[in-house]
Amino acid sequence: MTEIMILVPGRSSKQGTSLNKGKLKDEYLDVTSRVEMNMDDMQRLGLENGDKIRLSNDTGETVVTCSGKKATDLPSGMLFMAYGPPSSQLMDSDTAGSGMPLSKHFSVAIEKVT
Amino acid sequence: MSETAKENIKIVKHATCTFCGCVCDDMELTVDMDAHKITKAKNACVLGRAWFAEHVIEDRPAAMVDGKEVSIEEAVEEAAQTLVKARFPITYGLSDTTCEAQRQAVAITDIIHGTVDTTTSVCHGPSGLAFQGVGESTMTLGEVKNRADFIIYWGGNPAEAHPRHFTRYSVTPKGMFTPNGKKDRTVVLVDVRKTSTAPVADIVIRVKPGKDFELLWALRALVKGKKVADNIEAITGVSMDTLTDLVERMKNCRYGVFFFGMGLTMTRGRHFNSGALLALATDLNEFTHFVAKPVRGHGNVTGADNVVSWQTGYPFGVNFNLGYPRFNPGEFTTVDTLSRGDADAALIIASDPASNFPKAAIEHLHKIPVITLDTKETHTSKLAHVAFTTATYGINTGGTVYRMDDVPITLRPAFDSPFPTDEEILTAIRKRAHELMLAKSGLGAAGGGGTQKVAAPRKE
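Please read all numbers here as calculations on a predicted model, not as lab measurements. (Residues numbered from 1 in each chain as written. Chains lettered and ligands numbered in written order. Predicted model: local features only at pLDDT ≥ 70, side-chain atom pairs only at ≥ 80, totals over all residues.)

## Some thoughts on the overall build of chain A
Item 1. The secondary structure content of chain A amounts to four helices and six strands.
Item 2. Rg of the C-alpha trace for chain A: 14 Å, near the compact-globule value of 13 Å for 114 residues, within the 12% margin.
Item 3. For the C-alpha atoms alone, the extent of chain A along its principal axes is close to 35 × 35 × 30 Å.
Item 4. For chain A, with 114 residues in total, the buried portion stands at 46%. (Helix = DSSP H or I, 4+ residues; strand = E, 2+ residues; numbered from the N terminus. Rg over C-alpha atoms; globule rule 2.2 N^0.38 Å. Buried ≥ 20, exposed ≤ 12 C-beta atoms within 10 Å, placed from the backbone.)

Structure below.
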């Protein structure tokens, strides 16, 4: 099972509160290692809340825990996760002369980790 | 300062939260002076409460070299020597410290002929480029509170990133010309997904990922009375009816505001996206009053833009190799200088690029001597050659920060820290680096090593 989806890293309240405790603490590492996925996509791919999936692209790969979001909240084919070390593994360093690497909306292959 | 002392409890009124760019200055802090801890932060949001509760006195050395505890003076000497020896030293971070510390960091970079950049380059740097290309129809948040009746959040989720933005400035507060608060305002949200900001909005528009520019350009055309291609919905995911309704509302409001986030700057198009939105705001001033403002993340990232601008003439990505400032994003911005392997030493202040930069940049950080100033241990401080633990701005130190609308606010600290401030450490590094550079150029003596005095750690 491998499928290409669009990853949207961003801020979340839990990420914001946990980083105050410390970026090396378990809570922050846990919050930034979770990815939200459309529930219909999860069902189609045989995934359940708490399953581990590997996200990968030409830049790198990371293993995260998936949780379902209603189809009305997160479109099919889109993933959301809080910014953090795991999402950085997938970020290309090319800034196209702007200083800004593309940090949202990049394609990743997803694969269930068994 | 409104402070009252009662036994070991201190109340600090009108304190400022420096967690995010809202910089709310109506905090009432209850401080346990024995435990050196803020036990209550009245008026704070969920992020502010965590900010105040979790910034306690850390149990770690004030200064370390290669993981071993040293005196602050020894660490300052090592930091200055490292920076002066480097051929392409970079200074980065700065968005979570005071303006007073930021100006010292710029001065150091000037002295060592280095490159100074801030977290703006990976945040609203593209908006900074767009300001230069398009201009900015701007305002203060006080104006928004008192006058704005039409608010558009585009590519941002303030419900999670700036929770008090709605209640202090943009949605619910009752202002001079908005006496009924929320009832006097229409709120629109444009985003690729339904975020927790959606319940606040009267109109939610979902744009296809990577199609913000196309949507903004279509709106510009409609505002100017031009025809838009029939397949605009297929391209952007937004129907023509929705677009024409939005245009009518924008043209007919009394005072409209765009608040835009990193959904525009971090995606394909970058500064073109921000520029399209700023141009749309300008276009709308043919019909009504319309303004635009980036919603800024870190507590003093706006101050970093201001300080670097007033000291060098440019907002970020500034290089002093030739002895005068040059601005070139893509060449002198930190992701680029690290990923290409240009930088051979890094001074990182109040930032954690080893956590959130692209992989190639993080790998290069592991190869070069890094100097960090931070309040807590981070991924970057763990790999640092020289690591300083510093006091937390706004909690342990005074100083100045800029709110996201470029309004400067003075900080009221709650309790002392045994650690030095960023400003104290950077001032000491600046003085020692200056001596070393003079000696290097034959204009002065280097002096004995480790002689820069830093204010002694405070006794509790």
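## Looking at the overall build of chain B
Item 1. Helix and strand counts for chain B come out as 18 helices and 20 strands.
Item 2. Relative to the globule expectation of 23 Å for 460 residues, the C-alpha radius of gyration of chain B, 23 Å, shows essentially globular dimensions.
Item 3. Projecting the C-alpha coordinates of chain B onto the three principal axes gives extents of approximately 75 × 55 × 35 Å.
Item 4. Residue burial in chain B is summarised as follows: out of 460 residues, 57% are buried.
Item 5. Pairs at least 24 residues apart make up 68% of the contacts formed inside chain B by residues separated by at least 6 positions. (Contact = placed C-beta atoms within 7 Å.)

## With respect to the sheet that holds strand β6 (residues 68-69) of chain B
Item 1. In space, the nine strands of this open sheet follow the order β6-β5-β18-β17-β16-β7-β8-β14-β15 (chain B), with mixed pairing throughout. The open sheet has two edge strands, β6 and β15 (326-327) of chain B, and neither has a second partner. (Pairing = 2+ DSSP bridges.)

## Topic: the sheet that holds strand β6 (residues 106-112) of chain A
In a beta sheet, neighbouring strands are held together by backbone hydrogen bonds and run either parallel or antiparallel to one another.
Item 1. Strand order in the closed barrel made by the six strands is β1-β5-β2-β4-β3-β6 (chain A), with mixed pairing throughout. Each neighbouring strand pair of the sheet contributes to a mean axis angle of 45°, computed without reference to strand direction. (Axes fitted to C-alpha atoms, helices over the stretch in contact; angles between N-to-C directions.)

## Digging into the interface of chain A and chain B
Item 1. Taken together, the contact between chain A and chain B spans 39 residues of the former and 46 residues of the latter.
Item 2. Those elements giving two or more residues to the side of chain A that touches chain B turn out to be β1 (2-10), α1 (13-21), β5 (78-82) and α4 (85-88) of chain A.
Item 3. Broken down by element, the side of chain A that touches chain B gets its largest block of residues, five residues, from α1 of chain A.
Item 4. For the side of chain A that touches chain B, a count of residues per class yields 13 nonpolar, 20 polar and six charged. (Nonpolar A, V, L, I, M, F, W, Y, C, P; charged D, E, K, R; others polar.)

## Looking at the domain arrangement of chain B
All names here are of chain B.
Item 1. By domain assignment, chain B separates into domain 1 (3-54), domain 2 (63-120 + 299-440) and domain 3 (125-294).
Item 2. Between the C-alpha centres of domain 1 and domain 3 there is a distance of 33 Å.
Item 3. Here the residues of the side of domain 1 that touches domain 3 sort into six nonpolar, one polar and no charged. (Domains from an automatic or database assignment.)

## Describing the environment of K226 of chain B
Item 1. Mapped onto the elements of the fold, K226 of chain B is located in the loop between α8 (212-223) and α9 (232-236).
Item 2. Taking C-alpha positions, K226 of chain B is 56 Å from K382 of chain B, a pair spaced 156 residues apart along the chain.

## Describing the confidence of the model for chain B
Item 1. Mean pLDDT over chain B works out to 95, with 95% of the residues at or above the 70 mark.
Item 2. Interface scoring of the predicted complex returns ipTM 0.94; its pTM is 0.94. (pLDDT = per-residue confidence, 0-100.)

## Things to note about the environment of H289 of chain B
Residues and elements named next belong to chain B.
Item 1. Examined against the element boundaries, H289 turns out to sit in strand β13 (residues 289-294).
Item 2. Accessibility expressed as a C-beta count within 10 Å gives 17 for H289, which makes it partly exposed.
Item 3. Linking H289 and A148, residues 141 residues apart in sequence, is a C-alpha distance of 9.3 Å.

## Side note on the nonpolar core
Item 1. Core analysis: the largest hydrophobic core is formed by 162 residues, its most contacted members being L277 and A346 of chain B.
Item 2. Per-element tally for this core: the top contributor is helix α2 (residues 72-85) of chain B, with seven residues. (Core = buried A, V, L, I, M, F, W, Y, C linked by C-beta atoms within 7 Å.)

## A short note on the pairing of β5 of chain A
Consecutive side chains of a regular strand alternate in pointing toward one face of the sheet and then the other.
All names here are of chain A.
Item 1. Summarising burial for β5: four of the five residues are buried, a large majority.
Item 2. Relative to β5, β1 is paired through five bridges, and the arrangement is parallel. Directly across from G10, in β5, lies its bridge partner A82.
Item 3. With three bridges connecting them, strand β2 (residues 34-38) and β5 associate as antiparallel partners.

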